[in-house]
2 protein chains.
Amino acid sequence: MPVYELYQCGNFGGVIDTTSSAEARDLSGVVCVVTGGLGFIGSNLTHSLVAMGAEVRVIDALVAEHGGSFHNVDGLAVEIIVANIGDDRVDDVLDGAQVVFNLAGQVSHTASMRDPQQDLRLNALDHAAFLETLRRVSPTARVVHASTRQVYGRVDRQPVDETSAANPLDVNGVAKLAGEQLHMVYHHAYDVATTSLRLTNVYGPRQRLSSAELGFLPVFMRKALQSESIRIFGDGLQRRDCLHVSDVVSALIAATADAAVGRVYNVGHPQDSTLVEIAELIVASAASTGGFELIPWPHDHQRIDIGSFHTDSSRIAAELGWSASISLGDGVADTVSFYRGDSWYLSSI
Amino acid sequence: MPVYELYQCGNFGGVIDTTSSAEARDLSGVVCVVTGGLGFIGSNLTHSLVAMGAEVRVIDALVAEHGGSFHNVDGLAVEIIVANIGDDRVDDVLDGAQVVFNLAGQVSHTASMRDPQQDLRLNALDHAAFLETLRRVSPTARVVHASTRQVYGRVDRQPVDETSAANPLDVNGVAKLAGEQLHMVYHHAYDVATTSLRLTNVYGPRQRLSSAELGFLPVFMRKALQSESIRIFGDGLQRRDCLHVSDVVSALIAATADAAVGRVYNVGHPQDSTLVEIAELIVASAASTGGFELIPWPHDHQRIDIGSFHTDSSRIAAELGWSASISLGDGVADTVSFYRGDSWYLSSI
């Protein structure tokens, strides 16, 4: 009898197949731990891993407002422990882990400015504790950490590759960078086989749509699905590259390759668009009657906005053979279809 | 009656004059707060500020093994509060502060690997709390933060300027970088007038010599003063630029200039030397009969060693007019002379 809580759910499949674009790495029968596995990206990864035949253990703290929910893994046969990754209780879950996808963390930039210490705890200190547990309990596990392109801050030269200096403009960027660098320190100092992925803006199924603080994509999607007007700050000409979560899942799995050990990779999309273009596409895809409007920048948002950003993902393409496979148009259509089939996401978690 | 403890000491001067090389900024009558003011660099700064006629308030947590001691400010008329910079109790000290020199922190790289969370707390979380207090209590104060060249990690291109990407190799470098970046975030988001200085290896009076964990310079100095053999890891051909603490004090004061707001500066010495050359110089200056010897690298040290490092300080020279003024030979001679006159440092704190 394990000391952690064990949930076993029936195995009757997810709503959409997120494994289609995954690299052909065989994780069948492999013991995988997914931290943050009840959240947006983590649950999509968990769906894919289960479909590949991996033995999946999920750790999630279910921090309020973060989007984690049992609903996200409904129907999957996975072990779940509800715990902070810094807790001693994760020892048992890590014991025997072969691959650890470390996705736990705080993702809201505005929340990070409201409570800087909490963001540093969730994105840095808890990861230090987790890495200490890892090197003691499961020192040979492959570890893939989810970082963010937010670590770069405002960058002059576009597209942005990994040699650009990181000058984050908000506490979330500072804390995520510290978490990422801790993973690299544990590789250099202790041979823990870590990789970190700096993810661009991600959208897709199982994202919490009801918060205004988890980035612009879920907000745009919710407004469009409810035929409300999408409000864009400023002139809407800031550019972003957006990645469907299935492409993120395939990048996470590709990053378990040996060649990725000790490496940091940008993970973005070759196609960048203005916020106006993205809004138009989402409005059209959802057949929203709300349209969109331009409104003046709220002061506190503008100061920590990074302007345009386009990810250069050529390093991961060259070294691991990964590149985004889903166009924004196809990805948005898939996402709209998912939420039309599960309206729970519009109002819950 | 303030809520904090108030210590008033007689004003009968420090042992050496650290103001001679300071930039001619007039801080006479200015209310200055020095966090970590009982430590090595902080106490030397405090001596200079008092000599300039500033009104100095010191905050120091006197964390064990960190080198902070009342002995360092013996004879100075300063207010001292013994508190962590994250404590609510610092509110009163910051009230009315015009210049804040934020030097508090953990400096031991090996200690940071032993207790990563503690290092992150002292160098990042506590600074987040301190910056929150600052922007509430004293939002217009000039703030100068002490960072370290340790944030860079191992760098291919020498000398190293501020555009080099920071890839720290130990937890201390990760945490110090987070602390530095938090200062920049508070400038961008809230107009707090922050500057951060990435200091190279520093030596000089009032450094704790009795620890093996505060860098090689105090260890070399202690061994030479006691005529014991200096042990150098490896071939001793790694290069370093070393800065006398008086030059650091002048850089801290120069960094209160308006032009420095929102900027990060390297602070190093144009002269770099091998560890063998530095040991030879210290041995000769102290007339040590112990000499030095080369020994194999301890495994845990080698993994986090950065190899050679030479600081490029041209940005601070161009923008603030600061450059190092004390040669290694003169600085070591001054340092030996100081410790010969105060043997307390060889065995205490």
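Heads up: the structure comes first, above all this text.
Predicted, not measured: the structure shown is a model, and the values here were computed from it.

A.B. asks: Would you mind showing me how to read the overall build of chain A here?
C.D. replies: The helix and strand tally for chain A stands at 12 helices and 12 strands. Against the 2.2 N^0.38 benchmark of 20 Å for 349 residues, chain A shows a C-alpha radius of gyration of 19 Å, consistent with a compact globule. In terms of overall dimensions, chain A has a C-alpha envelope of 55 × 45 × 40 Å along the principal axes. Burial status across chain A gives 55% buried among its 349 residues. Counting contacts in chain A only where the partners sit at least 6 residues apart, residues at least 24 apart contribute 81% of the total.

A.B. asks: How should I be thinking about the pairing of strand β6 (residues 193-199) of chain B in this particular structure?
C.D. replies: Residues in a regular strand project their side chains so that they alternate between the two faces of the sheet. Residue and element names in this part refer to chain B. For β6, the buried fraction is high: six of the seven residues fall into the buried class. Pairing between strand β5 (residues 142-148) and β6: seven bridges, direction parallel. Along β6, the bridge assignment pairs T148 with L199. Handedness of the crossover joining β5 and β6 through helix α5 (residues 171-190): right-handed. One ladder, built from five bridges, connects β6 with strand β10 (residues 263-267); its direction is parallel. Looking at β10, one finds that L197 is bridged to Y265.

A.B. asks: Sorry if this is basic, but what is going on with the environment of D300 of chain A here?
C.D. replies: All names here are of chain A. Its location among the elements puts D300 in helix α9 (residues 299-304). Since 12 C-beta atoms lie within 10 Å of it, D300 is described here as exposed. A C-alpha to C-alpha distance of 8.8 Å links D300 and T110, two positions 190 residues apart in sequence.

A.B. asks: Can you walk me through the relation of the copies chain B and chain A in this structure?
C.D. replies: Mapping between the two copies of the chain is achieved by a rotation about an axis and a shift along the axis. Take chain B, turn it by 180°, move it 0.0 Å along the axis, and it overlays chain A with an RMSD of 0.0 Å. Taken together, the rotation and translation relating the two chain copies correspond to the operation of a two-fold axis. When C-alpha positions in chain B are compared against the rotation axis, the closest is assigned to A165 of chain B, at 2.2 Å. The overlap is high: 100% of the interface residues of chain B also sit at the interface in chain A, so the same surface is used on both sides.

A.B. asks: Would you mind showing me how to read the sheet that holds strand β7 (residues 201-203) of chain B here?
C.D. replies: One key point about sheets: their strands pair by backbone hydrogen bonds, in either a parallel or an antiparallel sense. All names here are of chain B. Read from one edge of the open sheet, three strands run β7-β9-β11, paired in mixed fashion. Each edge of the open sheet carries a strand with a single partner, namely β7 and β11 (272-274). In this sheet, neighbouring strand axes are inclined to one another by 50° on average, regardless of whether the strands run parallel or antiparallel. Sheet topology places β7 next to strand β9 (residues 239-244); three bridges connect them, and they run parallel. The partner of Y203 across the bridge, within β9, is H244. Most of the contacts of helix α8 (residues 275-285) go to β11, to which it runs at about 90°, and overall it touches β9 and β11.

A.B. asks: Which parts of the structure should I look at to understand helix α7 (residues 245-254) of chain A?
C.D. replies: Given 3.6 residues per turn, any residue in an α-helix points the same way as the ones three and four places further on. α7 of chain A sits mainly inside the fold: 10 of its 10 residues count as buried. Three or more residues of α7 of chain A are buried, namely V245, S246, D247, V248, V249, S250, A251, L252, I253 and A254 of chain A.

A.B. asks: Help me out: how do you make sense of the interface of chain B and chain A in this one?
C.D. replies: Reports of interface size often rely on the accessible area that becomes lost once the parts have come together. Listed as interface residues are 28 residues of chain B and, on the opposing side, 28 residues of chain A. Of all the secondary structure elements, the ones that give two or more residues to the side of chain B that touches chain A are α4 (116-137), α5 and α9 (299-304) of chain B. No other element matches α5 of chain B, which puts 10 residues into the side of chain B that touches chain A. When grouped by side-chain class, the residues that make up the side of chain B that touches chain A number 20 nonpolar, five polar and three charged.

A.B. asks: Help me understand the packing of α8 of chain B against helix α11 (residues 328-341) of chain B in this model?
C.D. replies: Between two packed helices, both the angle of their axes relative to each other and the distance between the axes serve to describe the pair. Residues and elements named next belong to chain B. In the contact formed by α8 and α11, the axes pass within 9 Å of each other and the chain directions differ by 45°. Viewed along their axes, α8 and α11 adopt a mutual orientation that is oblique. Seen along the crossing, α8 lies across α11 with a hand that is right-handed. For the pair α8 and α11, the contacting residues are L281, I282 and S285 in the first and L328, G329, V332, A333 and V336 in the second. Looking at side-chain class alone, the contact of α8 with α11 contains six nonpolar, two polar and no charged residues.

A.B. asks: What am I meant to see in the sheet that holds strand β4 (residues 99-102) of chain B here?
C.D. replies: Residue and element names in this part refer to chain B. Reading across the sheet, the seven strands line up as β3-β2-β1-β4-β5-β6-β10 and stay open at both edges, with parallel pairing between neighbours. The outermost strands of the open sheet, each flanked by one partner alone, are β3 (79-82) and β10. Averaged over neighbouring strand pairs, the angle between their axes works out to 20° when direction is ignored. Pairing geometry for strand β2 (residues 55-60) and β3, over four bridges, is parallel.

A.B. asks: Is there a simple way to explain helix α4 (residues 116-137) of chain A in this structure?
C.D. replies: All names here are of chain A. Spanning 22 residues, α4 covers 30 Å between terminal C-alpha atoms, matching the ideal 32 Å at 1.5 Å per step. The largest bend along α4 reaches roughly 40° and is located at L122. Here α4 lies mainly inside the structure; 16 of its 22 residues are buried.

A.B. asks: Help me understand the packing of helix α5 (residues 171-190) of chain A against α5 of chain B in this model?
C.D. replies: One can describe the packing of α5 of chain A onto α5 of chain B by two numbers: an axis separation of 9 Å at closest approach and a directional angle of 170°. As summarised for this structure, α5 of chain A and α5 of chain B are arranged roughly antiparallel, according to the angle between their axes. Of the residues in α5 of chain B, those in contact with V171, V174, A175, A178, Q181, L182 and V185 of chain A of α5 of chain A are V171, V174, A175, A178, Q181, L182 and V185 of chain B. Residues belonging to the contact of α5 of chain A with α5 of chain B are distributed by class as follows: 12 nonpolar, two polar and no charged.

About the cut-offs
Residues numbered from 1 in each chain as written. Chains lettered and ligands numbered in written order. Predicted model: local features only at pLDDT ≥ 70, side-chain atom pairs only at ≥ 80, totals over all residues. Helix = DSSP H or I, 4+ residues; strand = E, 2+ residues; numbered from the N terminus. Rg over C-alpha atoms; globule rule 2.2 N^0.38 Å. Buried ≥ 20, exposed ≤ 12 C-beta atoms within 10 Å, placed from the backbone. Contact = placed C-beta atoms within 7 Å. Pairing = 2+ DSSP bridges. Right-handed = clockwise from strand over helix to strand, strands pointing away. Least-squares fit on C-alpha atoms with pLDDT ≥ 70 in both. Axes fitted to C-alpha atoms, helices over the stretch in contact; angles between N-to-C directions. Nonpolar A, V, L, I, M, F, W, Y, C, P; charged D, E, K, R; others polar. Parallel < 35°, antiparallel > 145°, perpendicular 65-115°, else oblique. Left-handed = near helix turned anticlockwise from the far one by under 90°. Expected span 1.5 Å × (residues − 1). Bend = angle between axes of the 7 residues up to and from the residue.

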